[in-house]
Amino acid sequence: MRNLIQLHDKTRRRICIALFILLCAAPTCATIGWCAWRLLPWSSTAQARAIGDSLGAQVHWSSLRHPRPGVEWYEDFELADPEKGETALRCQCVEATTADVSDPQKGSKRALVVKLSHAEIEVARLPILRQLVERIMRSQSARLDADVQITASELTLKAGKNSQTLVDFTANFSRLQGGVQVKADASFRVAGASEGTPASFSVTRDRRQSPPLEWFEFKSGSAPLPCSLLASAISEFAAFGEQATFQGDFWAKETPTWPTTSRWEGEFHGRIDGVDLDRLVSEQFPHKLSGTATVGVKSAQFLDGRIVKAEGGFLKAGPGVVGRSLLTAAVRIGGCQSKIDFDSIEDATPYQDLALSFQLNDARLEVHGHCVSANSQVLILGRNGPLLFEPRNQPQSPLALVSVLSPEGLPQAPVAPQTEWLLSRLPIPAESAAATEKEERPQAKALGVRQGLQ
């Protein structure tokens, strides 16, 4: 038996060399080759191209590091428009790792955890990021096997020379109900508002119905948010001015309509402080109205972008200046009352207080004045007494408001470009819908009104 396992000296050497190559040299060379391959520029470029193709955007970074197994550091990370190459997101460092995170329903789940360091977003390029989120929600690309969590201690939104810093930013992409629902949610605080409930928003897509349904929810949290920040996502907030702030919440969801279409409906609650009336009225319409205002509504319901009901609405402003043309139009067209001779006042008349409440229901608008007291009926109070009282005959059609703000002397005022935005969002009375369709459509075309009014 002993003789059977005795090997020639040359054979033993060959076996030892083979074992050395197989167990030592080959793994060492493979490890060195793998490390060299990961460090080569073309490898990093190929990985950036693969990530960019998955996200539908251009991705760049200056260096890629692997500080420990399963962790990747992307330094000087940039995400840009795939066509124009304009940068939308810039980070000093992005750390990506896959880990088990806690889940209230499942206990724990696998997730891709991404940490952003010194992140900056160009507001003008936000549509790129919005399209990225939509692709993830619709699973057209970026088909992730795990949920995604994104965190940033600071996130700066830049709009030209202006900037807004968000802190404690977190975002999540989750698959629910076995993957038939996809949810994206985020929370953040505005720098300087470190206490109370953070602002939050969420988007959910449900594939159990055809077409898939989506719903959106936003809450401002405990601290008011700058309207300039919200304008980066909802452009209408820009009309309130640079100093305006919003506090409240709103939601919207898709409602299926037969057979394969859908429509959006939702509700809004909240108030906007610091509204610049010059920007909201004087710069949009041929009338003068200045001052700082607070606008709020207890509940406003909308359907397909058009307000259908508003309860508990109010507007309070002053001091400021009101134009004679606006006062005249409010009396002549809007049915308001006044005891002064407008020919004897200045084109821009100072006022001390503007206070009113409004209700909108079934395409009927009610406006009540509250300048002197709760039941004073005074809409605008001047230095020497009331300038304008509430309409005697109420409720009125919302089209009366559109006509008051329209350019004076224009017969097709309700469809003038200056009032197009209002007309497309206020409810049109049923008895006026046929007339609007029959008579005003040609005028709207002549004035160049967009397709939405045709």
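Shown above is the structure to which this text applies.
The notes below deal with the structure included here.

1. So, the nonpolar core
- Grouped together as the largest cluster of nonpolar side chains are 82 residues, with contacts concentrated most on Leu79, Phe237, Tyr351 and Ile380.
- Among the elements that take part in this core, helix α3 (residues 126–138) stands out by supplying six residues, more than any other.
- Each residue touching Phe237, except ones within four places of it in the same chain, is listed here: Cys227, Leu230, Ala231, Phe246, Phe250 and Ile272.

2. Remarks on helix α6 (residues 324–332)
- Taken together, the buried positions of α6 are occupied by Leu326, Leu327, Ala329 and Ala330. Along the axis of α6, the buried positions cluster into a sector of 165°, meaning they face one direction only.
- Buried residues along α6 sit against β17 (320–323), β20 (378–382), β21 (385–389) and α7 (398–405).

3. Examining the pattern of salt bridges
- In total, this model carries 15 salt bridges according to the counting rule given.
- Across the pair Glu120 and Lys158 runs a salt bridge, and its minimum N-O distance is 3.9 Å. Placement of Glu120 in strand β6 (residues 119–122) and of Lys158 in strand β7 (residues 147–159) is noted, with a sequence separation of 38 residues between them.
- Residue class for Lys158 comes out partly exposed when judged on its relative accessible area of 27%.
- When salt bridges that share partners are traced, they join Glu78, Arg90, Glu120 and Lys158 into one network.

4. Considerations on the pairing of β21
- Most of β21 is tucked away, with four of its five residues classed as buried.
- Pairing of β20 with β21, which is carried by four bridges, proceeds in the antiparallel orientation. Bridging across to β21, Ile380 finds its partner in Leu388.
- Where β20 hands over to β21, the hairpin turn is made up of two residues, counted between the paired strands.

5. Here we look at α3
- In a regular helix each residue adds 1.5 Å, so 13 residues correspond to 18 Å; α3 covers 18 Å between its end C-alpha atoms and thus fits that length.
- For α3, the full list of buried residues reads Leu126, Ile128, Leu129, Leu132, Arg135, Ile136 and Met137.

6. Focus on a nonpolar patch on the surface
- A surface patch of nonpolar side chains, amounting to about 400 Å² of accessible area, comprises Ile15, Leu19, Leu22 and Leu23.
- Judged by its relative accessible area of 59%, Leu22 falls in the exposed class.

7. Quick notes on unusual backbone geometry
- Going from Gly318 to Pro319, the amide bond is cis rather than trans, its omega being -5°.
- With respect to the helices and strands, Pro319 occurs in the loop between β16 (306–317) and β17.
- In this structure, Pro395 follows Gln394 across a cis peptide bond, with omega equal to 0°.
- As for its position among the elements, Pro395 is in the loop between β21 and α7.
- Phi is positive for Gln377, close to 70°, though the residue is something other than glycine.

The rules behind the values
Residues numbered from 1 in each chain as written. Predicted model: local features only at pLDDT ≥ 70, side-chain atom pairs only at ≥ 80, totals over all residues. Heavy atoms only, no water. Core = buried A, V, L, I, M, F, W, Y, C linked by side-chain atoms within 4.5 Å. Buried < 20%, exposed > 50% of the residue type's maximum accessible area, 1.4 Å probe, protein only. Helix = DSSP H or I, 4+ residues; strand = E, 2+ residues; numbered from the N terminus. Contact = heavy atoms within 4.5 Å. Arc of directions from axis to C-beta. Salt bridge = Lys/Arg side-chain N within 4 Å of Asp/Glu carboxyl O. Pairing = 2+ DSSP bridges. Expected span 1.5 Å × (residues − 1). Patch = residues over 30% accessible without salt bridge, like charges linked within 9 Å, V, L, I, M, F, W, Y side chains within 5 Å. Areas by Shrake-Rupley, 256 points an atom, 1.4 Å probe, with all protein chains shown as cover.

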